[in-house]
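Chain residues, written in single-letter form:
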Amino acid sequence: MDGEDFLAARFEEQRPHLRAVAYRMLGSLSEAEDAVQEAWFKLSRSDVSEVANLAGWLTTVVGRVCLDLLRSRASRREDPLEHQDGQEVRLPDPIIGGIRALDPEQEILTADSVGIALMIVLETLGPAERLAFVLHDMFSVPFDEIAPILDRTAASTRQLASRARRRVQGAAPAPDADLALRREVVRAFLAAARGGDFEALLAVLDPDVVARSDGGTLRPATLRRGATEVATGASLFGSQFTGESRMVLVNGEPAVASFLDGHPLSLAVFTVRGGKVVALDIFTDPERLERLGLSAA
């Protein structure tokens, strides 16, 4: 094996980890893959013979690429963001399990149970905050290695991560640990929605539940808050569950994929805490659902 092949083999060993870093930074599977590919181009053009920790070197390269992408995204504002009550409704790409076996890269992406609710909070962080939090809190990269990426001191980078951590802890509900019980709550929600049982819906919803729907560029995004408003919407949305539907896992959370004539109609992700639904995130963008490869078969 020559030097280039050896380097390529070492890079492939790190690819799943790098993709996990990029996904948490960007919330987009396609952009994450682009960031990882850019890291390979950087590696193939660099002399890393003196690099003692290639994994760390690659992680910081991916972090820098993702930071540039986030800054460019914010300056262009080309993403289909809808504003409700002063908040952006932008659901990150979901990682779906429970239909077929996950490949190794998907297993790593979901290994830390980074749920959709947490990913949405990450979307609200500024690029620098997100980088500091993701690299340090999720991947244990030391602050003195993150600081040069941001052109800051280690102390300043630590403050960024601390600020992001407070926002995450205050806004991202930690789900219950028992997946089987969470699924039972989802089944109770579905039964109530299908039956139009408003009181039963209220019984499984947290008083402060938040429901978000992302329809992409073709359908308006919506944001509902509070059990009464969400239950009202669920009574209408429940008609989508009367046809084909199946339970799946999305980023480790119980979810329901619904179909019409074999084509994906919606993907609803439930975050359950204290035996109640605290967040409901619904994907209805037809193009996005088709790209996910969902099938009723």
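First, a word on scope: everything that follows refers to the structure included in this document. (Residues numbered from 1 in each chain as written. Predicted model: local features only at pLDDT ≥ 70, side-chain atom pairs only at ≥ 80, totals over all residues. Heavy atoms only, no water.)

## Describing the overall build of the protein
Summing up its helical and strand segments, the protein has twelve helices and nine strands in all. Residue pairs in contact within the protein that sit at least 24 positions apart in sequence constitute 63% of those at least 6 positions apart. Summing over all exposed atoms, the protein offers an accessible surface of approximately 14000 Å²; the carbon and sulfur share of this is 50%. (Helix = DSSP H or I, 4+ residues; strand = E, 2+ residues; numbered from the N terminus. Contact = heavy atoms within 4.5 Å. Areas by Shrake-Rupley, 256 points an atom, 1.4 Å probe, with all protein chains shown as cover.)

## Quick look at the pattern of salt bridges
Under the counting rule described, the total for this entry stands at 14 salt bridges. Linking Glu-12 and Arg-15 is a salt bridge whose minimum nitrogen-to-oxygen distance equals 3.0 Å. You can see Glu-12 and its partner Arg-15 sitting in helix H1 (residues 3–26), three residues apart, about one turn around the helix. According to the relative accessible area criterion, Glu-12 is partly exposed, its value standing at 42%. By relative accessible area, which is 12% here, Arg-15 ends up buried. Its salt-bridge partner being Glu-123, residue Arg-73 comes within 3.7 Å of it at the nearest N-O pair. With Arg-73 in helix H3 (residues 54–76) and Glu-123 in helix H5 (residues 116–124), the pair connects residues that are 50 residues apart, well separated along the chain. On the accessibility criterion, Arg-73 (9% relative accessible area) is buried. (Salt bridge = Lys/Arg side-chain N within 4 Å of Asp/Glu carboxyl O. Buried < 20%, exposed > 50% of the residue type's maximum accessible area, 1.4 Å probe, protein only.)

## Quick notes on the pairing of strand S7 (residues 253–260)
The buried fraction of S7 amounts to seven of the eight residues, a majority that puts the element mostly inside the structure. The pairing of strand S6 (residues 244–250) with S7 spans seven bridges and is classified as antiparallel. Within S7, the position partnered with Ser-245 by the bridge is Ser-258. A loop of two residues connects S6 with S7, the two strands running antiparallel in sequence, and Asn-251 in this loop sits at a positive phi of about 50 degrees. (Pairing = 2+ DSSP bridges.)

## Here's the deal with the packing of H5 against helix H8 (residues 154–171)
The interhelical angle for the contact between H5 and H8, taken along N-to-C directions, is 140 degrees, at an axis separation of 10 Å. In terms of orientation, H5 and H8 fall into the oblique class. Both H5 and H8 take part in a crossing whose hand is right-handed. On the side of H5, the interface is formed by Leu-118, Val-121, Leu-122 and Thr-124, while H8 contributes Arg-167, Val-168 and Ala-171. (Axes fitted to C-alpha atoms, helices over the stretch in contact; angles between N-to-C directions. Parallel < 35°, antiparallel > 145°, perpendicular 65-115°, else oblique. Left-handed = near helix turned anticlockwise from the far one by under 90°.)

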